[in-house]
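Next come the chains, spelled out residue by residue.
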Amino acid sequence: MLQVRDLQAGYGKAEVLHGISLDLPKGEVMALLGRNGMGKSTTLNTIMGVLTARGGAVSIDGKAVTGARPSAVARLGVGYVPEGRRVFPNLTLRENLVAVSRASAAGPWGVEAVTDLFPALAPRFESMGNVLSGGEQQMLAIGRALMTNPRLLILDEATEGLAPVVRKAIWSALTRLVGEGLTILVVDKNLDRLLSLSNRVVVLERGRVAWSGDRSEARADRRDIEALMSVQ
Ligand SMILES: Nc1ncnc2c1ncn2[C@@H]1O[C@H](COP(=O)(O)OP(=O)(O)O)[C@@H](O)[C@H]1O
Ligand SMILES: [Mg+2]
């Protein structure tokens, strides 16, 4: 579903990604880990075409998307929940959801299915984006990505800075989506949750892959992974 080969990217004179390679088969979940500033968001933004790759290649379901615009990547079936959510502040929650539906593929996701996944959103449907709590905004951002009926869902800092009750709702939702066969690439810091959700784990260190393996290898190597994630 997603293949990243020797991806390089940066900002101005700063080279940030020095050759990232990832392989995410259909129906699987990959956790992308690493301390702050190691290049996780840069990797996701380069996959999405928000940032232009300086080298290497990205393909979605066998189609090369290197250098493509974010809208073209989205049209291939990639739903993106970026760090910071980017909810429209002057639209209601409902309007935020349906705003993306014009660009959406046919499929099971609609306002009702999103409400079923995140029942806490229901009483807030007519509230404006700017009065929603951080947790409500994050559930909305995930719901909005699902409204496009993606084949691949990419989440950056899925539960960062959210209240425990919202974190729990998001992990339950992701578990359900995995059960439904959705392919997911997720950045988060909760190693326990990620190890139970993911088939594959990749840890970045200064723009390079420092560790990668499947779930059982990750469990066996947990100390090494924790060391790569700990603040030094
Ligand atoms: N917009 C930007 N302009 C310049 N440097 C950036 C920008 N965004 C990120 N960086 C730098 O790129 C590196 C990787 O950042 P990032 O991909 O956001 O890391 P992570 O998501 O793993 O915390 C860091 O050194 C960060 O300071
Ligand atoms: Mg980040």
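Re the sheet that holds strand E5 (residues 63–64)
Then, in step 1: In space, the 4 strands of this open sheet follow the order E2-E1-E4-E5, with antiparallel pairing throughout. The open sheet terminates on both sides in strands that have one partner only, identified here as strand E2 (14–24) and E5.

Notes on the site of ligand 1
Then, in step 1: If you check the shell around ligand 1, you find Tyr11, Val16, Arg35, Asn36, Gly37, Met38, Gly39, Lys40, Ser41 and Thr42 and nothing else.
Then, in step 2: Interatomic distance of 2.8 Å between a side-chain N/O atom of Lys40 and an oxygen atom of ligand 1.
Then, in step 3: Between ligand 1 and the protein, one listed contact pairs an oxygen atom with a backbone N or O atom of Ser41 at 2.8 Å.
Then, in step 4: For ligand 1, whose unbound accessible area comes to 560 Å², protein coverage reaches 56%.
Then, in step 5: Among the elements that make up the shell around ligand 1, the one with the highest residue count is helix H1 (residues 40–48) (3 residues).

Focus on the coordination of the magnesium ion (ligand 2)
In ideal tetrahedral geometry, four donors around a metal make angles of 109.5 degrees, whereas ideal octahedral geometry with six donors gives angles of 90 or 180 degrees.
Then, in step 1: At the metal site, the magnesium ion (ligand 2) is ligated by Ser41 (OG) and Glu83 (OE), and these contacts range over 2.0 to 2.8 Å. Of this pair, Ser41 sits in helix H1 while Glu83 sits in the loop between strand E6 (78–81) and helix H3 (93–98), placing them 42 residues apart in sequence.

Topic: unusual backbone geometry
Then, in step 1: Here the phi dihedral of Asn149 falls at roughly 55°; this positive angle occurs in a residue that is not glycine.
Then, in step 2: Checked against the element boundaries, Asn149 lands in the loop between helix H5 (134–147) and strand E7 (152–155).
Then, in step 3: Within the chain, Arg206 stands out as a residue other than glycine whose phi angle is a positive 45°.
Then, in step 4: The topology assignment puts Arg206 in the loop between strand E9 (200–205) and strand E10 (208–214).

Describing the environment of Val87
Then, in step 1: Checked against the element boundaries, Val87 lands in the loop between E6 and H3.
Then, in step 2: Residue classification places Val87 among the buried residues on the basis of a relative accessible area of 12%.
Then, in step 3: Setting aside chain neighbours within four positions, we find Val87 in contact with Asn96, Gly129, Gln137, Leu140 and Arg144.

Observations concerning the side chain of Gln138
Then, in step 1: In this structure, Gln138 sits in helix H5.
Then, in step 2: For Gln138, the residues in contact, after removing those within four places along its chain, are Val81, Arg85, Glu157, Ala158, Leu162 and Ile170.

Some details on the packing of aromatic side chains
For any pair of aromatic rings, geometry is given as the distance between the ring centres together with the angle between the planes.
Then, in step 1: Evaluated as defined, the whole model comprises 0 aromatic pairs.
Then, in step 2: Sitting over the face of the ring of Phe88, Arg144 holds its NZ or CZ atom 5.3 Å from the ring centroid.

Here we look at the environment of Met38
Then, in step 1: The topology assignment puts Met38 in the loop between strand E3 (29–33) and H1.
Then, in step 2: For the pair Met38 and Glu217, spaced 179 residues apart in sequence, the C-alpha to C-alpha distance is 22 Å.
Then, in step 3: Among all residues touching Met38, those that are not within four sequence positions of it are Leu204, Glu205, Arg206 and Gly207.

Conventions used here
- Residues numbered from 1 in each chain as written.
- Chains lettered and ligands numbered in written order.
- Predicted model: local features only at pLDDT ≥ 70, side-chain atom pairs only at ≥ 80, totals over all residues.
- Heavy atoms only, no water.
- Pairing = 2+ DSSP bridges.
- Helix = DSSP H or I, 4+ residues; strand = E, 2+ residues; numbered from the N terminus.
- Near = heavy atom within 4 Å.
- Polar contact = N/O pair within 3.5 Å; in protein donor to acceptor, adjacent residues only side chain to side chain.
- Areas by Shrake-Rupley, 256 points an atom, 1.4 Å probe, with all protein chains shown as cover.
- Donors = N, O, S within 2.8 Å, 3.2 Å for Na, K, Ca; no water.
- Buried < 20%, exposed > 50% of the residue type's maximum accessible area, 1.4 Å probe, protein only.
- Contact = heavy atoms within 4.5 Å.
- Phe/Tyr/Trp six-rings, centres within 6.5 Å; stacked < 30°, edge-to-face > 60°.
- Lys NZ or Arg CZ within 6 Å of the ring centre and 35° of its normal.

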